[in-house]
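Summary of structural features
Residue strings, one per chain:
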Amino acid sequence: MANGVYNRGKFLLAGAGLDLDTADLRLMLVNATYTFDNNHNFIDNAGAGDPIDHEISVGGYARVALTTKTITEDDTNDFAYLDADDVVFTALTAGQTIGGAILFDQAGGADTARVVIAFYDLVDTATNGGNVTVQWATPANGGVLKLA
């Protein structure tokens, strides 16, 4: 599987309906059985195969907010990007295999209204009681989200 941006995320970014500077952007982990579908709009679309159906549930897991967000225009390479600190999920109890991460907007109050923005395909990683770090691409390669 590959990284991807959800259609709803594209729509909100194109129409200025999502301010990446001020949005409460968070990351959730999904197991290796999740299949990216760019037509998913929310964490919970009330259908089978939604991100919520594949979110990991081991002890110690909680969704994590992005910190130190910056948006930069790169005129040399002709794109703009969102960057942030790497995200660390700490002390995840053994028992599940992480296959990806999903960037979403925490606004909305319920998972049926929380917009999914992007999916990141991760190397399948078994939880084992340790930390799992999602390391973003370098800014020259687009950081968290590259807008080209």
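Throughout this document, residue positions are counted from 1 along each chain, in the order its sequence is written. Two thresholds apply to this predicted model, a pLDDT of at least 70 for residue-level local features and 80 or more for giving and counting side-chain atom pairs, whereas whole-chain, interface and lining totals are computed over all residues. By convention in this description, side-chain values take in all heavy atoms of the structure and omit both hydrogens and water.

**A few points about unusual backbone geometry**
As a rule of thumb, non-glycine residues mostly have phi less than zero, and peptide bonds are mostly trans rather than cis. A positive phi angle is found at A16, which is not glycine, with a value near 60°. Tracing the backbone through its elements, the reader meets A16 in the loop between α1 (7–14) and β2 (25–31). For helices the rule is a DSSP run of H or I covering at least 4 residues; for strands it is a run of E covering at least 2, with both sets numbered from the N terminus onward.

**Thoughts on the sheet that holds strand β10 (residues 145–147)**
Across the sheet, which stays open at both edges, the 3 strands sit in the order β4-β5-β10 with antiparallel pairing between neighbours. Edge positions in the open sheet fall to β4 (70–74) and β10, since each of these has one partner strand only. This sheet shows a mean twist of 20° between the axes of neighbouring strands, independent of strand direction. Of the pairings in the sheet, the one linking β4 to strand β5 (residues 79–83) comprises 5 bridges and is antiparallel in character. Directly across from I71, in β5, lies its bridge partner L82. Two strands are said to pair when DSSP picks up at least two bridges between them. In this analysis an axis means a line fitted to C-alpha atoms, helices contributing only their contacting stretch, and an angle means the value between N-to-C directions, from 0 to 180 degrees.

**Observations regarding the pairing of β5**
Extensive coverage of β5 is indicated by the burial of 4 of its 5 residues. Following β4, the chain reverses through 4 residues before pairing antiparallel with β5; D78 in that reversal takes a positive phi of roughly 60°. Strand direction decides the pairing type here: β5 and β10, joined by 2 bridges, are antiparallel. By the bridge assignment for β10, Y81 is matched with K146. Only protein chains enter the accessibility calculation, which uses a 1.4 Å probe; a residue whose area is less than 20% of its type maximum is buried, one above 50% is exposed, and one in between is partly exposed.

**Considering the packing of aromatic side chains**
Aromatic rings from Phe, Tyr and Trp, with only the six-membered ring used for Trp, were paired whenever their centres fell within 6.5 Å, and each pair was classed as stacked if the ring planes differed by under 30 degrees, edge-to-face if by over 60, and tilted otherwise. Applying the stated rule across the entire model yields 6 aromatic pairs. Consider the rings of F36 and F119, whose centres lie 5.7 Å apart with planes at 25°: the pair is stacked. Placement of F36 in the loop between β2 and α2 (51–54) and of F119 in strand β8 (residues 116–126) is noted, with a sequence separation of 83 residues between them. Residue class for F36 comes out partly exposed when judged on its relative accessible area of 21%. Judged by relative accessible area, which is 1%, F119 ranks as buried. Geometrically, the ring pair formed by Y61 and F89 is stacked, given 5.9 Å between the ring centres and 20° between the ring planes.

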